[in-house]
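Report on the structure
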Amino acid sequence: MLSSTSARRLSLLGSQVASSARLSSTAAMAPAAKYKVSVIGSGNWGSAIAKIVAENTASNPEAFDLNVRMWVFEEMIGDKKLTEIINTQHENVKYLPGIRLPSNLVAVPDLVECVTGSDILIFNVPHQFLPRICSQLKGKIPPSVRAVSCIKGVELSANGITLIASYITEQLGIYCGALSGANLAPEVAQEKFSETTIAYKVPDAADSITQKTIKTLFHRPYFHVSVVNDLAGVSLAGALKNIVALASGFVDGMGWGDNAKAAIIRRGLLEMTQFSREFFPESEASTFTEESCGVADVITSCAGGRNHKLGVAMIKTKKPVFELENELLKGQKAQGVTTAQEVNAFLTKRGKAAEYPLFTAVNDIIFNGLDSSALPEILEKVEKKVE
Ligand SMILES: NC(=O)c1ccc[n+]([C@@H]2O[C@H](COP(=O)([O-])OP(=O)(O)OC[C@H]3O[C@@H](n4cnc5c(N)ncnc54)[C@H](O)[C@@H]3O)[C@@H](O)[C@H]2O)c1
Ligand SMILES: O=P(O)(O)OC[C@H](O)CO
């Protein structure tokens, strides 16, 4: 008998005929041309994913154009441009030092030039920079282009919270899936084994870019890809776990030990699934338990991620959070800080902040001077009462 996961994956493969024919597909319908791929972003994860994708375009020359373009937010490293360093030394010395990048990965400083002519776009920037990127690209991307977002965050607007992939679709008029998993970039870049989850639902039955195309683009012997349909579950798991990772950092900063951290993780997972069920009812509970983007990512992020590191340092040093982020991460970003703030603004507006005590406490610790030692007392209020 098939396990529920295997059955789900098989049924997914069989159901690539999808719904929203709204998104036109002239190029995506064309019989397997060589797809051109561009990566938007070149940070720690941006560079690691670009490395994977460039390895796969080289390994699959029948499906993909060899060269992968990577948009780099240009900056000077000493007297040299970062793009020049990447294109000559094949290393992103600032954001992924010590890792050799494939020579078919080409750094491009001009965003529009980077994406022009591409069939598949991979978005991979800290989420706060996405609106500006989308505004620069608006009206310049044919609707046939397909995208995958590797960004962990949410987009907050007056109307509420939007998934990053849905925001890209709204802004640019192209279908966008989401990649998220237990994926610390330095480990993935060193080709240490990990798994990931990609939500990709073929938007038009006639598309030649299928789930298989997407899997081929990302799957490596050291980076195993599971493709699912649950865009909301994959996107929210990746965004919300960053808030939990900060809380686990607070606990370690206070020296409270592994039992306390497990309690925070348990509560965090509860709030992650509660939030998804309440505001994105289309999300699937199994995504959180069975896929890499769920519990597995919470575990890895609460052990070794940048959000955890920042959480520890905040408690130990009491320095302001953005000062510490600059000091510790040297240009990299801890997405949990802005996500905690955005989720809190959303929950407060809906009158729901008290129903998410951990998410609310993380925001209050970062921005409102709440003492992290109050966590047990806060969490006790929502525990089941014995009469
Ligand atoms: N690093 C990881 O281990 C990891 C793993 C999985 C997912 N993610 C997610 O991937 C996304 C990208 O993270 P990352 O680690 O690649 O980035 P990062 O944290 O390394 O951020 C640095 C990047 O931001 C760019 N940048 C700085 N200012 C900018 C501006 N004004 N406009 C545009 N870009 C600017 C820098 O040039 C650099 O490329 C995030 O949502 C993150 O949560 C990260
Ligand atoms: O280093 P972090 O905290 O941004 O987490 C990185 C990845 O999301 C872990 O899967």
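Note that this is a predicted model, so its numbers are computed, not measured. (Residues numbered from 1 in each chain as written. Chains lettered and ligands numbered in written order. Predicted model: local features only at pLDDT ≥ 70, side-chain atom pairs only at ≥ 80, totals over all residues. Heavy atoms only, no water.)

1. Considering the site of ligand 1
- As a matter of local geometry, ligand 1 sits amid 24 residues, with Asn44, Gly46, Ala185, Lys333 and Gln335 nearest to it.
- Taking Asn44, its main chain carries an N or O atom lying 2.9 Å from an oxygen atom of ligand 1.
- In this structure, Asn124 approaches ligand 1 through a side-chain N or O atom, which is 3.2 Å from an oxygen atom.
- Protein chains bury 89% of the 840 Å² of accessible surface belonging to ligand 1 in isolation.
- A total of 3 residues in the shell around ligand 1 trace back to one element, the largest contributor, which is helix α3 (residues 44-59).
- Here the shell around ligand 1 is composed, by residue class, of 11 nonpolar, 9 polar and 4 charged.
- If you count residues domain by domain, the shell around ligand 1 takes at least three from each of domain 1 (35-229) and domain 2 (239-381). (Near = heavy atom within 4 Å. Polar contact = N/O pair within 3.5 Å; in protein donor to acceptor, adjacent residues only side chain to side chain. Areas by Shrake-Rupley, 256 points an atom, 1.4 Å probe, with all protein chains shown as cover. Helix = DSSP H or I, 4+ residues; strand = E, 2+ residues; numbered from the N terminus. Nonpolar A, V, L, I, M, F, W, Y, C, P; charged D, E, K, R; others polar. Domains from an automatic or database assignment.)

2. A few points about the packing of helix α10 (residues 231-253) against helix α16 (residues 335-349)
- Where α10 meets α16, the closest approach of the two axes is 8 Å, and the angle between their N-to-C directions is 105°. As judged from the angle between their axes, α10 and α16 are roughly perpendicular. Counted together, Ala239, Leu240, Asn242, Ile243 and Leu246 of α10 and Gln335, Gly336, Val337, Thr339, Ala340 and Val343 of α16 form the full contact between these two elements. (Axes fitted to C-alpha atoms, helices over the stretch in contact; angles between N-to-C directions. Parallel < 35°, antiparallel > 145°, perpendicular 65-115°, else oblique. Contact = heavy atoms within 4.5 Å.)

3. Describing the UniProt feature "domain: Glycerol-3-phosphate dehydrogenase NAD-dependent N-terminal" (unreviewed entry) in the protein chain
- Per the UniProt annotation, the sites labelled "domain: Glycerol-3-phosphate dehydrogenase NAD-dependent N-terminal" (unreviewed entry) are residues 36-204.
- A distance of 19 Å separates the end C-alpha atoms of residues 36-204, which is 30% helix and 29% strand. (UniProt positions renumbered as here; feature names shortened; annotations may be inferred.)

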